[in-house]
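Coordinates in review
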Amino acid sequence: MIVFAGLAVLAGVLVGLSRQINGRLALSTSAMESSFWNHIVGLVFITSVALLLGGLFAGAPQASPWWAYLGGPIGVIFIAAGSWLIARIGAAQTALLIIAGQMISGVALDIIMGAPGSIWARSIGVALILAGMWVAQGGKRPEPADR
Amino acid sequence: MSDMAPTPRFYHFAAAFGAGGLLTLMILFNGTLAIYGSLYFASWVPHLTGTVAALALLIILRPKRVAAVRPPLWTYLGGVSGALTVMLTSATMNTALALSGTIALGLAGQVMFSLFADMRGLFGLPQRMPGARDYLSLTLIIAGSLILIFYGGAA
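**Remarks on the overall build of chain B**
In terms of regular secondary structure, chain B is built from five helices and zero strands. Along chain B, helices (α) and strands (β) appear in the sequence α-α-α-α-α when read from the amino end. Counting only C-alpha atoms, chain B reaches 45 × 45 × 25 Å along its principal axes. Taking all 155 residues of chain B together, the buried fraction comes to 49%. Long-range contacts, defined here as pairs at least 24 residues apart, represent 47% of the contacts in chain B between residues at least 6 apart.

**Concerning helix H3 (residues 78–93) of chain B**
Since there are 3.6 residues in each turn of an α-helix, residues three or four apart along the chain are aligned in direction. For H3 of chain B, with 16 residues, the first-to-last C-alpha span of 23 Å sits near the 22 Å given by 1.5 Å per residue. All buried positions along H3 of chain B are accounted for by Gly-78, Gly-79, Ser-81, Gly-82, Ala-83, Thr-85, Val-86, Leu-88, Thr-89, Thr-92 and Met-93 of chain B. Buried positions along H3 of chain B lie against helix H1 (2–28) and helix H2 (31–53) of chain A together with helix H2 (39–61) and helix H4 (98–120) of chain B.

**So, the domain arrangement of chain A**
All names here are of chain A. Entries for chain A in the domain assignment read domain 1 (1–53 + 71–89) and domain 2 (90–139). In this structure, domain 1 and domain 2 have C-alpha centres spaced 22 Å apart. A per-element tally of the side of domain 1 that touches domain 2 places helix H3 (residues 71–89) first, with four residues. For the side of domain 1 that touches domain 2, the per-class residue count stands at three nonpolar, three polar and one charged.

**Some remarks on the interface of chain A and chain B**
Contacts between chain A and chain B engage 109 residues on the former and 107 residues on the latter. Of all the elements in the fold, those that place two or more residues in the side of chain A that touches chain B are H1, H2, H3, helix H4 (91–112) and helix H5 (119–138) of chain A. Here the residues of the side of chain A that touches chain B sort into 68 nonpolar, 34 polar and seven charged.

**What to know about the domain arrangement of chain B**
Where interface size is given, it is often the accessible area lost as the parts come together that is meant. Taken domain by domain, chain B consists of domain 1 (7–63) and domain 2 (84–155). For domain 1 of chain B and domain 2 of chain B, the distance between their C-alpha centroids amounts to 19 Å.

**What about the packing of H3 of chain A against helix H1 (residues 10–36) of chain B?**
Where H3 of chain A meets H1 of chain B, the axes come as close as 9 Å, and the angle between the chain directions of the two elements is 150°. With respect to their mutual orientation, H3 of chain A and H1 of chain B come out roughly antiparallel. The two elements H3 of chain A and H1 of chain B meet at a crossing, and its hand is left-handed. The residues of H1 of chain B that touch H3 of chain A, namely those facing Gly-71, Ile-74, Gly-75, Ile-77, Phe-78, Ala-81, Gly-82, Leu-85, Arg-88 and Ile-89 of chain A, are His-12, Ala-15, Ala-16, Ala-19, Leu-22, Leu-23, Leu-25, Met-26, Phe-29 and Asn-30 of chain B.

**Details of helix H5 (residues 132–151) of chain B**
The end-to-end C-alpha separation of H5 of chain B is 28 Å, in line with the 28 Å expected for 20 residues at 1.5 Å each. Among the residues making up H5 of chain B, those that are buried are Asp-134, Ser-137, Leu-138, Leu-140, Ile-141, Ile-142, Gly-144, Ser-145, Ile-147, Leu-148 and Ile-149 of chain B. The secondary structure elements touched by the buried residues of H5 of chain B are H4 and H5 of chain A together with H4 of chain B.

**Brief notes about the confidence of the model for chain B**
Residues and elements named next belong to chain B. Averaged over every residue, the pLDDT of chain B is 86; the share at 70 or more is 93%. Put simply, H3 is where chain B has its lowest mean pLDDT, 85, and H2 is where it has its highest, 93. Low confidence marks residues 1–6, where pLDDT is under 50. Its contacts with residues over four positions away, or in another chain, come to 11 contacts. With pTM at 0.88, the complex prediction returns an ipTM value of 0.88.

**Points about the nonpolar core**
Formed by 91 residues in total, the largest nonpolar core has its most connected members in Phe-78, Leu-96 and Ala-100 of chain A. Ranked by residues supplied to this core, first place goes to H1 of chain A with 13 residues. In this structure, Phe-78 of chain A is in contact with Ala-19, Leu-22, Leu-23 and Met-26 of chain B, ignoring residues within four places of it in sequence.

**Quick look at unusual backbone geometry**
Residue and element names in this part refer to chain B. A positive phi angle is found at Arg-62, which is not glycine, with a value near 45°. Here Arg-62 shows up in the loop between H2 and H3. When the 9 C-beta atoms within 10 Å are taken as the criterion, Arg-62 is described as exposed. Positive phi is not limited to glycine here, since Phe-123 has a value of about 55°. Examined against the element boundaries, Phe-123 turns out to sit in the loop between H4 and H5.

Conventions adopted
- Residues numbered from 1 in each chain as written.
- Chains lettered and ligands numbered in written order.
- Predicted model: local features only at pLDDT ≥ 70, side-chain atom pairs only at ≥ 80, totals over all residues.
- Helix = DSSP H or I, 4+ residues; strand = E, 2+ residues; numbered from the N terminus.
- Buried ≥ 20, exposed ≤ 12 C-beta atoms within 10 Å, placed from the backbone.
- Contact = placed C-beta atoms within 7 Å.
- Expected span 1.5 Å × (residues − 1).
- Domains from an automatic or database assignment.
- Nonpolar A, V, L, I, M, F, W, Y, C, P; charged D, E, K, R; others polar.
- Axes fitted to C-alpha atoms, helices over the stretch in contact; angles between N-to-C directions.
- Parallel < 35°, antiparallel > 145°, perpendicular 65-115°, else oblique.
- Left-handed = near helix turned anticlockwise from the far one by under 90°.
- pLDDT = per-residue confidence, 0-100.
- Core = buried A, V, L, I, M, F, W, Y, C linked by C-beta atoms within 7 Å.

Written out as structure tokens, the structure reads:
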């Protein structure tokens with residue numbers, strides 16, 4: 001169990017690592033080019049692993065709805081945005097604000113799709129996140145002295 | 001932007017928040033692929049269609065290179081780390097951690113790494129020391145997220 005918990009934490013670390021490296025690439029090229037390399041290198045890597053271990057087309061992938069294929073183009077914008085932001089507002093701010101947007105839009109999607117959930121927990125959770133964003137906004141006025 | 005990070009502005013916050021919204025859609029779409037096909041397939045397809053989409057956008061937008069000199073080779077390897085993430089989360093999701101535990105621990109790992117990366121200016125990005133306000137905002141956002149993950153039915 002500890003091993004899997006460690007792996008779950010490692011997965012989060014890898015998200016940050018990936019954004020840090022892509023952000024560095026964007027500093028020399030552009031956010032969109034960084035997103036392109038992220039995708040094509042990831043594609044080569046996954047293809048290699050899948051060829052090695054097999055099972056890429058297991059199941060009934062042809063049965064999935066057409067709109068499920070839209071995750072790729074959306075991911076291009078997502079990676080480009082992260083690469084652009086990390087050099088401008090820092091890794092921690094980028095991570096936290098993306099998490100905030102993910103959590104709040106997740107609640108909205110759950111409500112739209114009628115997923116069950118406590119309205120109290122949702123309200124308190126969203127309120128805390130909005131408060132955290134408000135605090136972050138207020139703290140980041142120009143600070144020429146130490147920049 | 002040679003050596004330091006400009007002051008964050010409202011549109012930075014809006015862009016990051018919007019990116020989080022895109023992430024929710026990605027999880028929905030890619031997760032749907034995983035229902036029908038294998039976990040590899042659910043990561044392979046968005047990387048394939050994403051590569052095509054990014055290439056098309058590069059050809060249409062022709063963004064300017066910031067620097068004429070090619071960056072070091074390792075800067076091109078961010079995609080490996082991203083692809084490994086998918087495999088790890090797929091593995092831990094099916095243990096007692098479930099999706100909520102996987103997401104919660106993943107948030108912890110991501111926030112700890114990004115704080116450390118900021119403090120050290122890892123991989124050649126601007127160095128910045130988090131202040132008291134950063135830790136307060138971090139605490140509020142993570143607390144709210146954990147409540148949503150474990151009690152709000154959002155995952």
